[in-house]
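Spelled out, the chains give:
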Amino acid sequence: MSKSVVPVERSIQASRQHPESGQDTEESHQQKFPLPIKPTTRPLRNLRISSGSSSSAIKTSPVKTLCLLLLAGFCFSLCLQFSHLRFWWGSAGGIALHAPTMTTLDAYHYLTITRQLLNRQNVSSAGSSEGGRHLQEIPLLATITAAIHKWTDLSIEQVAFYLPPVLGSLMVIVYTCWGYTISGPVTALLSSLAGVSSFYWYSRTCLGRFDTDSLNPFFVFLILFCVYRFAVDKGRTRILYLLSALMTAHMFHLWWLQVPYFGFFLAILAYCLSVFLPSSKVERAIKMALIFLVGSAVFYALSGFSESLPHQLKGFINGYAGQLGLIGNKAALISTFPNIGLSISELQPLPLPLIIEQTGGHAVPFAIALIGLFFLGGKNKEAAAFLGIGLIVALLSVLARRFLIFFIPLYALGMGYFVGEICFRSTLLAKIPSNFLKWGLLLLVSVALLLPSVSMSFSRHRGPTLTKHDMALAQVIKERAAPRDLIWTWWDYGYFLHYHTGLKTFVDGGSQTGERSYIAAFPLSCGNPLLARNWIRFFAAHDLQGLREVESFVGSRKKALAFLQNILARPDNAETFLKQYGIQNVQGWKEFFFPSVKVWLFLNEDFINKTYWWYYFGTWDPMQGSGAHPLFRLLGGQSTQQIRTTCTTGNSEGALKVDAILYVSVAEGTPGNQASLVACGEEKRRLPFQHTGHESVKGIDLVAVVLQGSDVVYVVESAVLQSLAARLVFGSPWDTAGFQSIGYAAPLSGVWRVE
């Protein structure tokens, strides 16, 4: 075979056989192709489908076949996704404040941008409450949502709720393109069904998950497909594929702003890998030059030598290097502030059993898909080379689970190729004389492979992250707060509170640096309510600039933090303390350290469930570069009664024995401390519920927090119960000095005004 011609996949003898049954066809069918195909292009496969009742070939229009494949994939995907509506409307918090609740908290970030776009605000203004985002930086997701809102009577919350499954279903286009090209309609259909029914795919594109995940793999694999066809096709059609690749890359840039021009980088990288394909000398030289440029960019991004580059190029490469550093959770061994990436679940890897379960539902379909990919790589090296770029992106899931979504298309194509190419064209299947038995066997194999993931995706639900109590508390803040007030909370809830109240939050999902997260968590883990109160008010008034000013006269960041902890804990001794540093304008500095500012504190049940992380950040020691991870377990069911009677969490090897039980019985509007601490033992003696600092109550290490009227039990270290957050939600929600309760949803959620 000439090297200048793309290898033809099927032999002449195979072309004389029926593409589905393997039987000989009429001579006219040997000569006629469904589409005019030049000898130098790769033919499309399986374009003639036999009926179940006849062995004669029935020609089906390729356009009609493609439309049927797309329709089947779209319908199946939407049916699966919208089958969860009944669960959603029946769940607590599914509807709140006359609008659906989002599945992910990041959704409120995009809702804020959408509302900003609709209100025609001057987002480039430095004083904009929306963060000074320029109009050209508005993500495509917000633009689409705003347009649908204008064209329909749906609110932006309703559009955001229903849009993700619809966008996620567009992946059927990619499965059809790839599957149809590498094998035929059977592979295309099976790939679509396998991809959209994967539980991980469902969970990342489900109702209310208003995020960019729904289209990220669509753009990546569509770009790779267009570049693949540009590389292997000949004539004018390759120009159309090139333009399609560039247009898709530009759309991807508008869609995913976190990594600029990533689509163009993918297209160039994929084109470089086609250097082994036959091409002209000029084109080969271009590929070699691009390989050198890509290699240089990767080298600078990984080596840290980007500082020597021009300013614009340095910023571009540093952006990629920063994303890789965040994914890899790179941090200094001893750092002033903790590594926030460790606490972000999406940046943590999934164990292999969970990867298998959430991808294919069972080990057998997962293994079959890998076998299909292996055979695809052996039989169609050109397509496999371009899909390998997607595999590189998918392998990042070893470091961060959020990239597992890029493995789903590879799993789906492997599954489709195994059924549509290996099984469908097997010699064993060709020996079966009855077409009915052939299709029945093929259907049986397909159902068996898809059943685990389909059943998981239909039966397991992804509900709202927040509750009706959270929405009601946000509404309380909105009704009582002034426009210049600030909300203090953990970073997870920053986007949500900003969207519903319009107020600024100290930290949110886009500003959760190690420094800001430590500052936000410190007062929540602090056992001194006075220090916590003054700390919150200081940073609410001055933000990080206040720390910079203190650092300027004490000499270092670590000393500045220690200085603040000392002076804010003892406001009565502030004058003496300031004079020790040679400060003369004592009154002015006292006003600086103890400003007049209005701050609202928001805590909820979901925050308590994240005690393992916020307590770690709050107890971080900047001098030592370490924090305390507390023991924290959430139990339910029969554990409540067992703890009451035996003071243990079970009979298994990993069971815990607690030293005391904290009974929490609080009702909204009832003043005073309603929590009582009872020591375990023969006497069951009652102990005072007190707060000291980051220390355990003497003689007590583990405490079981039992919520009266609930089957929920928290097992925590007693030191955690000394924190401000535990005091407010468990012990003293209404009588903690400096924190006036404004709204309380017993027994774990509330809003306090920091006075």
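Residues numbered from 1 in each chain as written. Predicted model: local features only at pLDDT ≥ 70, side-chain atom pairs only at ≥ 80, totals over all residues. Heavy atoms only, no water.

Turning next to the overall build of the chain. Across its full length, the chain holds 32 helices and 13 strands. The buried share of the chain, taken over its 755 residues, is 52%. Partitioning the intrachain contacts of the chain with sequence separation of at least 6 by distance along the chain shows that 68% fall at a separation of at least 24. Carbon and sulfur atoms make up 60% of the accessible area of the chain, which amounts to about 33,500 Å² in all. (Helix = DSSP H or I, 4+ residues; strand = E, 2+ residues; numbered from the N terminus. Buried < 20%, exposed > 50% of the residue type's maximum accessible area, 1.4 Å probe, protein only. Contact = heavy atoms within 4.5 Å. Areas by Shrake-Rupley, 256 points an atom, 1.4 Å probe, with all protein chains shown as cover.)

Using the criterion set out here, one finds 16 salt bridges in the structure. Glu357 serves as the salt-bridge partner of Arg460, at 3.2 Å between the closest nitrogen and oxygen. Here the residue Arg460 occupies a position in the loop between α21 (435-459) and α22 (468-480), and Glu357 occupies one in helix α16 (residues 352-360), the gap between them amounting to 103 residues. Here Arg516 ties to Asp543 by a salt bridge, and the two come within 2.9 Å at their closest N and O atoms. Note that Arg516 is positioned in helix α24 (residues 514-525) and Asp543 in helix α25 (residues 529-554), a separation of 27 residues in sequence. Exposure remark for Arg516: the relative accessible area of 12% places this residue in the buried category. A single network of salt bridges, built from pairs that share partners, joins Arg204, Arg209, Asp213 and Glu346. (Salt bridge = Lys/Arg side-chain N within 4 Å of Asp/Glu carboxyl O.)

With respect to burial, strand β13 (residues 749-754) is a largely interior element, 5 of its 6 residues being buried. Strand direction decides the pairing type here: strand β5 (residues 599-603) and β13, joined by 5 bridges, are antiparallel. Among the inter-strand pairings, Trp600 is bridged to a residue of β13, identified as Arg753. One ladder, built from 6 bridges, connects strand β12 (residues 739-745) with β13; its direction is antiparallel. Counterpart to Ala745 in the pairing with β13 is Ser749. (Pairing = 2+ DSSP bridges.)

A few words on the sheet that holds strand β4 (residues 504-505). Within a sheet, adjacent strands bond to each other through the backbone by hydrogen bonds, running parallel or antiparallel. Read from one edge to the other, the open sheet built from 5 strands follows the order β4-β3-β5-β13-β12, with strand pairing classed as mixed. With one partner strand each, in any of the chains shown, β4 and β12 form the two edges of the open sheet. Strands β3 (486-488), β4, β5, β12 and β13 of the sheet are contacted by α25, whose axis makes an angle of about 135° with β3. (Axes fitted to C-alpha atoms, helices over the stretch in contact; angles between N-to-C directions.)

We now examine the packing of helix α17 (residues 363-379) against helix α19 (residues 408-423). Closest axis-to-axis distance for the α17/α19 pair is 7 Å, and the angle between their directions is 75°. Between α17 and α19, the interaxial angle falls into the category roughly perpendicular. Counting all contacts with α17, which are made through Pro365, Phe366, Ile368, Ala369, Ile371, Gly372, Leu373, Phe375, Leu376 and Lys379, the residues of α19 involved are Leu410, Tyr411, Gly414, Met415, Tyr417, Phe418 and Ile422. Of the residues in the contact of α17 with α19, the class split is 14 nonpolar, 2 polar and 1 charged. (Parallel < 35°, antiparallel > 145°, perpendicular 65-115°, else oblique. Nonpolar A, V, L, I, M, F, W, Y, C, P; charged D, E, K, R; others polar.)

A few words on the state of the cysteines. What the rule picks out here adds up to 0 disulfides. Counting only cysteine sulfurs, Cys75 is the nearest neighbor of Cys79, a cysteine outside any disulfide, at a range of 6.3 Å. Cysteine Cys177 shares no disulfide, and the gap to the nearest cysteine sulfur, in Cys226, comes to 7.5 Å. We classify Cys177 as partly exposed; its relative accessible area is 23%. (Disulfide = S-S within 2.5 Å.)

With that settled, consider the nonpolar core. Trp178, Trp488 and Phe730 are the most contacted members of the largest nonpolar core, which has 186 residues in total. With 14 residues, the top contributor of residues to this core is helix α11 (residues 216-232). Sequence-distant contacts of Trp488, defined by excluding residues within four places in its chain, comprise Phe506, Ile519, Ala520, Pro523, Trp535, Ile536, Phe539, Ala540, Val599, Trp600, Leu601 and Phe602. Core analysis: the next-biggest nonpolar cluster, separate from the first, contains 13 residues, Ile643, Leu656, Tyr663 and Leu702 among them. (Core = buried A, V, L, I, M, F, W, Y, C linked by side-chain atoms within 4.5 Å.)

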